[in-house]
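# Notes for the structure review
Residue-level listing of the chains:
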Amino acid sequence: MTSIDDVADADATGKVPERYACGETFVPKTRYVDPDFLALELDRLFTQVWQPACREEEIPQPGSYYEYTIGRQSIMVVRQKDDTIKAFYNACTHRGMKVVRGAGCASEGDLRCPFHGWRFGLDGRSAFVPARDEFLHRPREQWSLKPVTVGTWGGWVFISMADDPPDLLGWLDPLPTALASFRLQDMRFRWRKRTFLQANYKTVIDAFIEGYHTPGTHPQTLRAAQGPRPSAEPAPPQEFSYAPYTPTIPYRNHSRFIYTARPDSGNRDSARKAQAARPEVFANSMQYNYLEVGSLVTERDYRAAQQLAAMEPTDVPPFVRYHQLCEELALAEGVDFPTMTMEQYFAGNGDWHVFPTLVILVEKSCVLGYRMLPDAEDPNRCVFEMFSLEHFASAEVPETAWQEFPRWQDHDGWGELPTQDLMNIDAIHAGMHSRGFDGLWLNTAQEMSIRNEHAIADRFIFGSEEVSAGD
Ligand code: FES
Ligand SMILES: [Fe+2]
């Protein structure tokens, strides 16, 4: 158990208590299974950092609100009359009741507490107090909702509960620069799903911020030569030499990994490389992503991949031709498609951990996103959200809503690849509870994103600056 003394010590010294202390490549399991650690995270980390509350499109008009819940904190994000956005603690200043629940629109022009009927303007100011003369003993300025700092980037509404939060774009660095040309703020939901998992939120995050598990969990991705829907039989050891190399890049507040070739691979597997240079083999991979992920490749990109599959090989790599085809189709169909150089593409493409809760895989046409939110008191549970954001022609933006499933098994539309990830989660977290397991031993090249998330957290929880991979 964490004693107050331990915590006070941590404050004084910036030292991480031993049971929570990471090694260079080791993370103790206590950080995933100990309720006291979750309490520290909720109390000291989530109260200090910027976190995405919702997408701007979820509060489309004046009066629209969205309730974001993090631990025991409920925060309402509200679209103002002048189209700006404000956020407040969702607690009535009278007796504390939640003023709003879920998402909706304040149809009467102000926000009404259902308990005694107090009303608040969209700007949080007290607008109506029944029998107000009976409250004159209370200073007037305390009648208003308590504000929470709000900012926007990439189409997300971020909130921070910190008294003096850092500049949002500075906090997000290097994402705003690296992703500027992708114009995430102009993307809209294609689909969005939410479920609840029996695992710590970081157990789930970690399964989506490294690519090292790709051949082990998703062996079909090594087999594009078999067609758009290859076998998912487990890979034998020799097949692992065809795995993509996915180095992680830690930044001060975030991380990223990219899919690339191992630098020392030389001319090994030249037959395999020649195969991958065939247009239809590359096209198979893209078609698979559309069919069995439902993102990374949009329906429009899928048609581009089908065109590519029918083409003869040329000197131009299939990857380049695919991107040309996607762009041509998008422009022909009236999409304000983001144009960028290949350098800009590679600067932003990949899998980003927008610490602490968001993971985004960024392509030109779309973003595959995940958000994991901790339970308020059980380190063995979390909320899991998965969504696709896409660039649409303005007339083609679909109406979507969150589909919510109490158990992930209640939905059979996740696609083969996400299903493989989801099938792992409960068992990973259950295994962490084993008396025979002390903690995570991390790959020094392809899993440092996981080590980095703990280094970032320690700055906030224990005041520790000892490891900051991005510095
Ligand atoms: S608690 Fe909101 S009006 Fe009384
Ligand atoms: Fe995966």
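Within each chain, residue numbers correspond to sequence positions counted from 1 in written order. As a convention, the first chain written is A and the first ligand written is 1, with the rest following in written order. For a predicted model such as this one, the threshold for reporting local features is a pLDDT of at least 70, and the threshold for listing and counting side-chain atom pairs is 80 or more; totals across whole chains, interfaces and linings nevertheless cover every residue. To obtain the side-chain values, all non-hydrogen atoms of the structure were included, while hydrogens and water were left out.

The name an unreviewed UniProt entry gives the protein chain is Carnitine monooxygenase oxygenase subunit, with Mycolicibacterium vanbaalenii as the organism. Per UniProt, the protein chain has the following entry under Cofactor (unreviewed entry): "Fe cation". UniProt positions are given in the numbering used here, feature names are shortened, and annotations may be inferred rather than shown by experiment.

Moving on, we get to helix α14 (residues 448-462). Runs of E in the DSSP output that reach at least two residues are strands. Runs of H or I that reach at least four are helices, and both are numbered from the N terminus. By this rule the span expected of a helix is its residue count minus one, scaled by 1.5 Å. A rise of 1.5 Å per residue sets the reference length of α14, with its 15 residues, at 21 Å; its end C-alpha atoms lie 20 Å apart and thus fit the reference within 8%. The cut-offs for exposure are 20% and 50% of the maximum accessible area for each residue type, with area from a 1.4 Å probe on protein chains only; residues under the lower value are buried, those over the upper are exposed, and the others partly exposed. The element α14 is extensively covered by neighbouring structure, given that 14 of its 15 residues are classed as buried.

Our focus in this paragraph is the pairing of strand β2 (residues 51-55). Among the 5 residues of β2, 5 are classified as buried, and the element is accordingly described as predominantly covered. Of the pairings in the sheet, the one linking β2 to strand β11 (residues 156-160) comprises 4 bridges and is antiparallel in character. Bridge pairing in β11 places Cys54 opposite Val157. We call two strands paired when DSSP finds no fewer than two bridges between them.

This part is about the UniProt feature "domain: Rieske" (unreviewed entry) in the protein chain. As recorded in UniProt, the feature "domain: Rieske" (unreviewed entry) lies at residues 50-159. With 0% helix and 41% strand, residues 50-159 has its two end C-alpha atoms placed 6 Å apart.

Where interface size is given, it is often the accessible area lost as the parts come together that is meant. Looking at the protein chain, the domain boundaries give domain 1 (51-165) and domain 2 (171-462). Whether two residues touch is decided by their heavy atoms; if any such pair falls within 4.5 Å, the residues are in contact. Each partner contributes residues to the interface: domain 1 has 17 residues there, and domain 2 has 22 residues. A simple way to read buried area is as the amount of 1.4 Å-probe accessible surface that goes missing from two parts once joined, with both sides added. In this assembly, domain 1 packs against domain 2 so that about 1600 Å² is buried in total across both faces, 65% of it on carbon and sulfur atoms. When the buried area of domain 1 at its contact with domain 2 is split by residue, Glu57, Trp153 and Trp156 rank highest and sum to 37% of it. We count a salt bridge whenever a side-chain nitrogen from Lys or Arg sits within 4 Å of a carboxyl oxygen from Asp or Glu. Applying the counting criterion to the domain 1 and domain 2 interface returns 2 salt bridges. At the level of secondary structure, the elements contributing two or more residues to the side of domain 1 that touches domain 2 comprise β2, β3 (64-70) and β11. Ten residues, namely Ala, Val, Leu, Ile, Met, Phe, Trp, Tyr, Cys and Pro, are considered nonpolar, four, namely Asp, Glu, Lys and Arg, are considered charged, and the remaining ones, Gly among them, are considered polar. Split into classes, the residues belonging to the side of domain 1 that touches domain 2 amount to 9 nonpolar, 4 polar and 4 charged. The start and end points of each domain follow an automatic or database-based domain assignment.

At the junction of Asp173 and Pro174, the peptide bond is cis and its omega measures out at 10° in the coordinates. With respect to the helices, strands and loops of the structure, Pro174 is situated in the loop between α4 (168-172) and α5 (175-178). Located in the positive-phi region is Asp83, a residue other than glycine, with phi close to 80°. Looking at the secondary structure, you find Asp83 in the loop between β4 (73-79) and β5 (85-89). Asp83 sits in the partly exposed class, given a relative accessible area of 46%. One non-glycine residue, Ala131, lies in positive phi territory at about 55°.

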